[in-house]
Amino acid sequence: MSEKVKVGIIGCGVIANIAHGPEYERLRDQAEIVAACDIDPEALHSFCDKFKIKKRYSTIAELLGDKEIQAVDVCLHNNMHAPVSIEAMRRGKDVYCEKPMAGSYTDAVAMIEAAKKYGRKLHIQLGQLYTPGAYVGKLLIDHGQLGHIYHIRSTGFRRRNRPYVDGYGKKEFVNSAISGGGALLDMGVYHISQLLYLTGNPQPQRFVGHTYQELDMDPVRKEISGYDVEELITGMIDFGDHLTMDLIESWAMHLDNLECSSILGSKGGIRLDPFSYHYTEHDVVFNATIDEFDLNFRSETVHPERLYYRSSQGHWLGALQGKCDLLPTAEIALNTQLIQEGLYLSAKLGRQVTAEEVIASSVSKNTEVIGLYEK
């Protein structure tokens, strides 16, 4: 497939408006949004008017029945990702799905199995895989310039920006029955997945996690939303082979900032945003940065193949068009899901847990999706 990919958008809420729609406009040479659907008529027509989309469906089943659509973009709440993605693949559509992959590890496994069963491309929105820092970091790691990687640090910071109760986003973001979790599932997925990608997607083995909800919030919005997720989470992950990860992810905390994610190796180390490379040569300590303008300019001229690794949607469309190989985002997202579920289980039980325990205890969190199946 080399012509424009015909895409259908499922869900016309916040993320579709601020991220997906604008990115497809930027990638208009690769894709065309031919249809969208939402159960909320106002949201549907507002989105379609904004992005000049003609076909408008009130149910997902109708959209999936549109033979013009080759692939769908799932912009729904977390616990709806798996059932919608699986049904879309069953009906012959390739799938681009928002993060996190699903509401639970079990549901994420079912998505991967469906992609294999129906022979479809499943791509998860892991936007931090395409940053200049990730690109350069992967080059250094793949060429052995960090040596043996022994520790990675995953960090994410907001001073006070909890969805809904602090003014941003909808109340569903902070209700576990719909979202599945808080800061870890909203932000942590980006930082964890980036580190897993850079280090070869190692298999997590053991987890220790602690969740916190300590800061005051608007009591009315708390009651309306049923706020029951974490604003802060900390954790430690053991991958075996002398590789560990420590993690902190914040929606709200009384600090001015946190340092960015980092990777430590026996020969060198990197920070990721902003990117820097640290090493010792001839007993001299070096701290190196990159010229992002130069990196991007040459990717558009000398190395045009990197154009398909500049954004998550651009990469997915390039893979559907046969212009690049699809990164294993589903497999990376699956291990990210395992880490997230492991930290939550550890926090709940108050002890270290193993990957085997997490997998054995994982249950589906799929919620009913109105209008998903054909009548």
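Since the model is a prediction, treat every value here as computed from it, not as a measurement.

**A closer look at the overall build of the protein chain**
Part 1 of the argument: Along its length, the protein chain carries 13 helices and 15 strands.
Part 2 of the argument: Principal axes of the C-alpha set define a box for the protein chain whose edges measure 70 × 55 × 40 Å.
Part 3 of the argument: Per-residue burial for the protein chain yields a buried fraction of 53% across its 375 residues.
Part 4 of the argument: Carbon together with sulfur atoms contributes 52% to the accessible area of the protein chain, which is approximately 17,200 Å² in total.

**Brief notes about the nonpolar core**
Part 1 of the argument: In terms of nonpolar packing, the biggest core is built from 71 residues, with Leu63, Val72, Met101, Leu122, Phe207, Ile263 and Ile270 touching the most fellow members.
Part 2 of the argument: Here this core takes eight residues from helix α12 (residues 329-349), the largest share from any one element.
Part 3 of the argument: In this structure, Cys12, Ala16, Ala31 and Ala36 belong to the second largest nonpolar core, which totals 21 residues.

**Remarks on the sheet that holds strand β5 (residues 94-97)**
Part 1 of the argument: Spatially, the six strands line up as an open sheet ordered β3-β2-β1-β4-β5-β6, and their pairing is parallel. Sheet topology places β3 (55-57) and β6 (122-124) at the edges, where each strand pairs with a single neighbour. When the angles between neighbouring strand axes are averaged without regard to direction, this sheet yields 25 degrees.
Part 2 of the argument: Relative to β3, strand β2 (residues 31-37) runs parallel, the two being bridged by three bridges. Bridge pairing links alanine 36 to arginine 56 in β3.
Part 3 of the argument: Helix-sheet contacts for helix α1 (residues 14-26) involve β1 (5-10), β2, β4 (71-74) and β5, and the interaxial angle to β1 is about 175 degrees.
Part 4 of the argument: Helix α11 (residues 312-320) rests against β1, β2, β4, β5 and β6 of the sheet, and its axis sits at about 170 degrees to β5.

**Let's talk about the side chain of serine 225**
Part 1 of the argument: With respect to the helices and strands, the residue serine 225 is situated in helix α9 (residues 219-225).
Part 2 of the argument: A relative accessible area of 3% means that serine 225 is categorised as buried.
Part 3 of the argument: Of note is the side chain of serine 225, whose polar atom sits 2.8 Å from the backbone oxygen of arginine 221.
Part 4 of the argument: Polar contacts involving the side chain of serine 225 include one to the main-chain carbonyl oxygen of lysine 222, which spans 3.3 Å.

**Considerations on the sheet that holds strand β10 (residues 243-250)**
Part 1 of the argument: Read from one edge of the open sheet, nine strands run β14-β13-β12-β11-β7-β10-β9-β8-β15, paired in mixed fashion. Both outer strands of the open sheet, β14 (284-288) and β15 (353-354), are each paired with one neighbouring strand and no more.
Part 2 of the argument: Two strands pair when backbone bridges link them, and strand β9 (residues 232-240) and β10 are joined in this way by eight bridges, in the antiparallel orientation. Each residue of the ladder has a partner; that of glycine 235, found in β10, is leucine 247.
Part 3 of the argument: Most of the contacts of helix α6 (residues 132-142) go to strand β13 (residues 275-281), to which it runs at about 25 degrees, and overall it touches β7 (149-156), β11 (262-265), β12 (268-272) and β13.
Part 4 of the argument: Set on the sheet, helix α8 (residues 183-198) makes contact with β7, β9, β10, β11 and β12; between it and β10 the angle comes to about 150 degrees.

**Description of the packing of helix α4 (residues 81-90) against helix α5 (residues 105-118)**
Part 1 of the argument: It is the contact of α4 with α5, at a shortest axis distance of 9 Å, that shows an interaxial angle of 5 degrees. The orientation of α4 with respect to α5, classified from their angle, is roughly parallel. Facing His81, Ala82, Ser85, Ile86, Met89 and Arg90 of α4, the residues of α5 in contact are Asp107, Ala110, Met111, Ala114, Ala115 and Tyr118.
Part 2 of the argument: When the residues that make up the contact of α4 with α5 are grouped by side-chain class, the tally is eight nonpolar, two polar and two charged.

Conventions and cut-offs
- Residues numbered from 1 in each chain as written.
- Predicted model: local features only at pLDDT ≥ 70, side-chain atom pairs only at ≥ 80, totals over all residues.
- Heavy atoms only, no water.
- Helix = DSSP H or I, 4+ residues; strand = E, 2+ residues; numbered from the N terminus.
- Buried < 20%, exposed > 50% of the residue type's maximum accessible area, 1.4 Å probe, protein only.
- Areas by Shrake-Rupley, 256 points an atom, 1.4 Å probe, with all protein chains shown as cover.
- Core = buried A, V, L, I, M, F, W, Y, C linked by side-chain atoms within 4.5 Å.
- Pairing = 2+ DSSP bridges.
- Axes fitted to C-alpha atoms, helices over the stretch in contact; angles between N-to-C directions.
- Contact = heavy atoms within 4.5 Å.
- Polar contact = N/O pair within 3.5 Å; in protein donor to acceptor, adjacent residues only side chain to side chain.
- Parallel < 35°, antiparallel > 145°, perpendicular 65-115°, else oblique.
- Nonpolar A, V, L, I, M, F, W, Y, C, P; charged D, E, K, R; others polar.

Such coordinate-based values are descriptive only and should not be taken to indicate function.
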